[in-house]
Amino acid sequence: MKKTYFIADLHLSENRPQLTALFCDFMQQLAPQAEALYILGDLFDFWIGDDEKSDLIYTVQQHIHRLSCQGVRCYFQHGNRDFLIGKRFAAACGMTLLPTYQQIDLYGETVLLCHGDTLCIDDVAYQQYRKKVHQKWRQWLFLHLPLKVRLKIAEKIRARSKADKKRKSDQIMDVNPDFVLQTFAQFGVKKIIHGHTHRQNIHHIPPHFTRIVLGDWGDTASILEVNEQQQIRFLTGKE
């Protein structure tokens, strides 16, 4: 039976090898069974440019490339941590970069994909930050800094983000329900799949909308499987 997998918020980093092991196991065992894999952002805990090299980056690249060579279509949508992943890395992986919002035909149903951070409009400070760092001239300047300088900047941003999360309420960091309804209407869809909030769930919104939230990866994986019969289930990678 045909199936498609969706994952997000792995936050892979050198100092969390257990997450890399989960990812590698998924890519070797489950992922080859699918006809397509969508990575909806924050594959890495941070990304400072396609010119960075590490064992982790090489491992991830090799697994995605191998999956692509096996005939599984691989897609990537930027997250708030790895929005600087560029064409060079995508080409090396054999995956296709998607825009902030992407409509797909999922076994006869039009579905909207996004990372999810753009739906959290109550977090005004983050939305202001996001607007700044997505300016092309800022990205160009950052990517032309020495790698060591970029790494220090990224570490400061990550530390600040952790501190901010402790101060913010859960409601502020979640999606805005009214804006979600506006997004359904804007794109003319009845189903949205996203990550970012780390709150794995399937929300049925009257009268006929569905919002599927991908979970983050920790002790287990969080994998959304949708098959050609429109059956939906979450997998942990340990089935």
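All values derive from a computational prediction rather than experimental measurement.

1. Details of the side chain of D50
Structurally, D50 is set in the loop between β2 (36-39) and α2 (55-69). As a buried residue without a salt bridge, D50 has its nearest oppositely charged side chain in R88, at a separation of 5.0 Å. For D50, the side chain forms a polar contact with the side chain of W47, separated by 3.0 Å. There is a polar contact of 3.0 Å between the side chain of D50 and the backbone nitrogen of G86. Apart from residues lying up to four places away in sequence, D50 is in contact with L84, I85, G86, K87, R88 and F89.

2. Remarks on the sheet that holds strand β8 (residues 201-205)
The strand order β5-β6-β7-β9-β8 describes an open sheet built from five strands, whose pairing is mixed. Of all strands in the sheet, those bounded by a partner on one side alone are β5 (102-106) and β8. The mean angle between the axes of side-by-side strands here comes to 25°, regardless of whether they run parallel or antiparallel. Inspection of the sheet shows strand β7 (residues 191-194) paired to strand β9 (residues 209-213) by four bridges, in the parallel sense. Bridge pairing links I193 to I212 in β9. Contacts from helix α7 (residues 177-187) reach β5, β6 (109-114), β7, β8 and β9, with the element oriented near 115° to β9.

3. Re the pattern of salt bridges
Counted by the stated rule, this structure contains eight salt bridges. Here R130 makes a salt bridge to D117, at a shortest N to O gap of 2.9 Å. One end of the pair, R130, is in helix α4 (residues 124-133); the other, D117, is in the loop between β6 and α4, and 13 residues separate them in sequence. Assigned by exposure class, R130 and D117 land together as buried.

4. Comments concerning unusual backbone geometry
Here P206 and P207 are connected by a cis peptide whose omega angle stands at 5°. Along the chain, P207 turns up in the loop between β8 and β9. You will see that Y107, though not glycine, has its phi angle at about 55°, which is positive. Tracing the chain through its elements places Y107 in the loop between β5 and β6. The backbone of H196 sits at a positive phi, close to 80°, despite the residue not being glycine. Relative to the helices and strands, H196 resides in the loop between β7 and β8.

5. A few points about the UniProt feature "binding site: Mn(2+) 2" (unreviewed entry) in the chain
When the UniProt feature table is mapped to this numbering, "binding site: Mn(2+) 2" (unreviewed entry) covers D42, N80, H115 and H196. The largest pairwise C-alpha distance within this set of annotated residues, which runs over 155 residues, is 8.3 Å, so the set is compact in three dimensions. Those annotated residues from the list above that line the largest cavity are N80. Within the element layout of this structure, N80 appears in the loop between β3 (73-77) and α3 (87-93).

6. Concerning the environment of L143
Within the secondary structure, L143 is located in helix α5 (residues 136-143). Exposure remark for L143: the relative accessible area of 31% places this residue in the partly exposed category. Taking the C-alpha atoms as reference points, L143 and D51, separated by 92 residues in sequence, lie 9.0 Å from one another.

What counts, and where the lines are drawn
Residues numbered from 1 in each chain as written. Predicted model: local features only at pLDDT ≥ 70, side-chain atom pairs only at ≥ 80, totals over all residues. Heavy atoms only, no water. Helix = DSSP H or I, 4+ residues; strand = E, 2+ residues; numbered from the N terminus. Buried < 20%, exposed > 50% of the residue type's maximum accessible area, 1.4 Å probe, protein only. Lys, Arg positive; Asp, Glu negative; His and termini not counted. Salt bridge = Lys/Arg side-chain N within 4 Å of Asp/Glu carboxyl O. Polar contact = N/O pair within 3.5 Å; in protein donor to acceptor, adjacent residues only side chain to side chain. Contact = heavy atoms within 4.5 Å. Pairing = 2+ DSSP bridges. Axes fitted to C-alpha atoms, helices over the stretch in contact; angles between N-to-C directions. UniProt positions renumbered as here; feature names shortened; annotations may be inferred. 1 Å grid on protein atoms, 1.4 Å probe; cavity = no way out; pocket = protein on both sides within 12 Å on 5 of 7 lines; lining within 4 Å.

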